[in-house]
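Take a look at the letters that make up each chain.
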Amino acid sequence: TCEVAPHHFILTDDAVRGYDTNTKMSPPLRATKDVAAIKEGMKDGTIDIIATDHFTEAGQPLVQEGVVGAVHASTDLDSLLPDADVVIITLPLSQMNEQLFAANQFAAMKSGAYLINVGRGSVVDTDAMVQSLKRGQLGGVGFDVVDPEPLPVESPLWEMGNVIISPHVGAQSPLRVPTTVDLFLENVGRFENGEPLQNLVDKQLGFPHPKHRIELV
């Protein structure tokens with residue numbers, strides 16, 4: 001056995017709102033650990049997970065359940081980066097977060113930290129990410145999405161040994177199709193009856209406001 005040093009994770013916006021009530025996991029965590037392991041790691045101090053969200057109140061149930069330690073405002077992200085060993089981006093793309101991760105954010109990250117992006121490629125400045133990898137500021141990156149997509153064959157990212165690329169499949173779930181069909185049929189009936197639709201997208205935000213969002217069960 002070996003001793004594992006404490007690790008600090010940041011989940012950027014929408015990790016909380018992407019929480020899957022069926023599996024009790026948010027998308028970036030579902031791929032790596034079950035919640036029991038996460039809670040155990042948080043209990044003994046091995047894992048410290050914090051999240052940022054545009055709507056901090058949306059994540060309080062997960063704080064109460066022990067899935068994340070705290071939920072900070074989106075505006076706190078830059079101040080949290082220096083302490084993070086791993087930063088996981090699960091953001092939707094909107095006007096407020098395009099190129100959110102650029103040169104200044106990479107420079108603020110702890111030397112040797114890791115970046116994982118399973119949200120949208122345009123949230124990250126790809127050129128700045130490449131330069132940060134070349135300088136050794138980043139220990140490595142993993143991404144399911146990238147800008148541009150598909151990634152050009154001449155991109156240096158293909159040849160970097162500390163880069164893992166997956167083909168935009170991170171959102172897949174055995175529950176995705178049935179829950180989507182159920183929501184569609186529910187909204188067809190609501191539309192025909194002149195009732196408010198569920199999960200209606202706020203066109204200013206670019207996604208449903210949490211108070212109008214239902215959990216798909």
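Scroll up for the structure.
Residues numbered from 1 in each chain as written. Predicted model: local features only at pLDDT ≥ 70, side-chain atom pairs only at ≥ 80, totals over all residues. Heavy atoms only, no water.

1. Points about the packing of aromatic side chains
Moving on, step 1. This model, assessed by the stated rule, comprises one aromatic pair.
Moving on, step 2. With 5.8 Å between their ring centres and 65° between their planes, Phe101 and Phe106 make a pair best called edge-to-face.
Moving on, step 3. Its relative accessible area of 0% is what places Phe106 among the buried residues. (Phe/Tyr/Trp six-rings, centres within 6.5 Å; stacked < 30°, edge-to-face > 60°. Buried < 20%, exposed > 50% of the residue type's maximum accessible area, 1.4 Å probe, protein only.)

2. As for the pairing of strand β6 (residues 138-143)
Moving on, step 1. Among the six residues that make up β6, five are buried, leaving the element largely enclosed by the rest of the structure.
Moving on, step 2. Here strand β5 (residues 113-117) pairs with β6 via five bridges, running parallel. Residue pairing in the sheet places Asn117 in a bridge with Phe143 of β6.
Moving on, step 3. The β-α-β motif built from β5, the intervening helix α6 (residues 126-135) and the parallel element β6 has right-handed crossover chirality.
Moving on, step 4. Both β6 and strand β7 (residues 163-165) contribute to a ladder of three bridges, which runs parallel. (Helix = DSSP H or I, 4+ residues; strand = E, 2+ residues; numbered from the N terminus. Pairing = 2+ DSSP bridges. Right-handed = clockwise from strand over helix to strand, strands pointing away.)

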